[in-house]
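# Summary of the model geometry
Now for the letters of each chain:
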Amino acid sequence: MSQPQDTLHSSAEFHFQALTPDLILDAIESLGIYPETGLLALNSYENRVYQFRSDRGARYVVKFYRPDRWSDAQIQEEHDYALALAAEDIPMAVPVVLEGKTLHHYQGFRFTLFPSMGGRAFEVDNLEQLELVGRFIGRMHQYAAQDVFTEREPLNPQIHGAEPLAWLRQANVVPASLQTAFFTVVEQVLAKVNAIWAHQGFHSIRLHGDLHPGNILWTPDGPGFVDLDDARMGPAIQDLWMMLTGDRAQQQLQLEILLEAYEEFCEFDTRQLALIEPLRALRMVHYNAWIGRRWRDPAFPMHFPWFGDEKYWEQQILAFKEQLAALDEPPLSLIPYY
């Protein structure tokens, strides 16, 4: 694969290499908190996230933000939202407030501490767990709809579709022999996404933004939500559709359970169901550009080695063709199709 040309991000990726264990420990200790254990790296590529236990027995997660991605104001808006949700008894991981601050700076890095939220994996096929998650998302959205984000970028086809596609074109990451096939089908997909999106007059609310099952932990008290890094304004269905798995009949059942619980607290506009496949398509486009844009970060070639293989892009062409067909199918509905 040709090396992606993305000067906007290159300095940030190389900057992460300066985040040594000694620097991480020094940053934590600058807050008056002293790790007793080593640093356990958690599964995060966009940022750098570590778990540790302090000398007083408390368990923490420290998150170092990717340089140049979000402004301080955007990060602070994320923190303030998390704290506000927790104040509403919504089980959200919240930043530790130290001397009135949640966002800290050390030698050019921005970082935040969170209490470690213990728990096991959320079982998306467990209908009882799914019902409880739907109830809490409904409560989250009931509160979210009362105000707006002013700093964070929205979720829309321009930012998550057109712009990533333009980057993929200029970065030369798609093998030359497959470029025509790949870009033709993605353009067709985005044309349908734009048409469906324009037809939906939905109301945007503050979202978690990336509420896939991996961002939900199951605690003794029920679900715990983590990682508001992608919080933004957008349609409510964005925080629901990633819970749906399996064939159409399974997704139909899961959707009904989720929404029945959700609507105990927040009304849902069922017209937004038509946005599920467009949102899935935008996620697919954005994902490919995201990996390419981060390629200079050594963590990405290590964890996504297949990104440069022709076979991967052949699979992507097939996946986008399937998504093109999915965009023509009737959306999921609370009234099943026969």
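One can find the structure itself at the top, above this paragraph.
Here is a short report on the structure shown in this document. Every chain is numbered independently, its residues counted from 1 as its sequence is written. In keeping with the model being predicted, local features are shown solely for residues with a pLDDT of at least 70 and side-chain atom pairs are shown and tallied solely at 80 or more, while totals for entire chains, interfaces and linings include all residues. Heavy atoms throughout the structure, all of them, feed into the side-chain values; hydrogens and water do not.

As a general feature of sheets, a regular strand has side chains that alternate between the two faces. Pairing between strands is defined by DSSP: at least two bridges between them are needed. In DSSP terms, a helix is any run of H or I states spanning at least four residues, a strand is any run of E spanning at least two, and both are numbered starting from the N terminus. Relative to strand β8 (residues 216-219), strand β6 (residues 120-121) runs antiparallel, the two sharing two bridges. Across the sheet, residue Arg 120 finds its bridge partner in β8, namely Trp 218. Across four bridges, β8 lies against strand β9 (residues 222-225) in antiparallel orientation. If you follow Leu 217 over to β9, its bridge partner there is Gly 224. Hairpin geometry of β8 and β9 is characterised by an intervening segment of two residues between the two adjacent antiparallel strands.

Sheet architecture is open: five strands sit in the order β1-β2-β3-β5-β4, paired in antiparallel fashion. What marks the edges here is a single partner per strand, and that holds for β1 (40-41) and β4 (104-106). When strand β2 (residues 48-53) meets strand β3 (residues 59-64), the two strands line up antiparallel, connected through six bridges. Each bridged residue has a counterpart across the sheet, and for Gln 51 the counterpart in β3 is Val 61.

Spatial strand order, β6-β8-β9: three strands in an open sheet with antiparallel pairing. Looking at which strands have only one partner, the edges of the open sheet turn out to be β6 and β9. Contacts are assigned to residue pairs with any non-hydrogen atoms lying within 4.5 Å of each other. In this analysis an axis means a line fitted to C-alpha atoms, helices contributing only their contacting stretch, and an angle means the value between N-to-C directions, from 0 to 180 degrees. Across the sheet, helix α4 (residues 127-144) touches β6, β8 and β9, and the angle it forms with β9 is around 50°.

When the charged atoms of two side chains with opposite charge come close together, those side chains can pair. What makes a salt bridge here is a side-chain nitrogen of Lys or Arg within 4 Å of a carboxyl oxygen of Asp or Glu, nothing more. Inspection of every chain in the model, using the stated rule, returns 22 salt bridges. Ionic pairing is found between Glu 36 and Arg 53, a salt bridge with its closest N-O pair at 2.9 Å. Placement of the pair is Glu 36 in the loop between α2 (21-29) and β1 and Arg 53 in strand β2, with a sequence separation of 17 residues.

Nine residue types can take part in a nonpolar core, namely buried Ala, Val, Leu, Ile, Met, Phe, Trp, Tyr and Cys, and a core is a set of them joined through side-chain atoms within 4.5 Å. Remark: exposure states derive from per-residue accessible area (1.4 Å probe, protein chains only) relative to the maximum for the residue type, with buried under 20%, exposed over 50%, and partly exposed in between. One finds Phe 182, Phe 225, Ile 237, Met 243 and Trp 313 to be the most contacted residues of the largest nonpolar core, which totals 81 residues. In this structure Trp 313 touches Leu 168, Val 173, Val 174, Pro 175, Leu 178, Phe 182, Asn 288 and Phe 307, once residues within four positions along its chain are discounted. With 17 residues, the next largest nonpolar core counts Ile 33, Phe 109, Phe 111 and Leu 113 among its residues.

Taken N-terminus to C-terminus, the directions of helix α5 (residues 157-171) and helix α8 (residues 276-293) make an angle of 45°; their axes are 8 Å apart at the nearest point. Our classification of the angle between α5 and α8 gives oblique. By crossing handedness, the relation of α5 to α8 is classed as left-handed. In this structure, α5 uses Pro 157, His 160, Gly 161, Glu 163, Pro 164, Leu 165, Trp 167 and Leu 168 to contact α8, whose residues at the interface are Leu 282, Val 285, His 286, Asn 288, Ala 289, Gly 292 and Arg 293. Residue type decides the class: Asp, Glu, Lys and Arg count as charged, Ala, Val, Leu, Ile, Met, Phe, Trp, Tyr, Cys and Pro as nonpolar, and the leftover types, Gly among them, as polar. In terms of residue class, the contact of α5 with α8 is made up of eight nonpolar, five polar and two charged. Oblique is the label for any angle not under 35 degrees, not over 145, and not in the 65 to 115 range, which are roughly parallel, roughly antiparallel and roughly perpendicular in turn. Should the near helix be turned anticlockwise from the far one by less than a right angle, the crossing is left-handed, and should it be turned clockwise, the crossing is right-handed.

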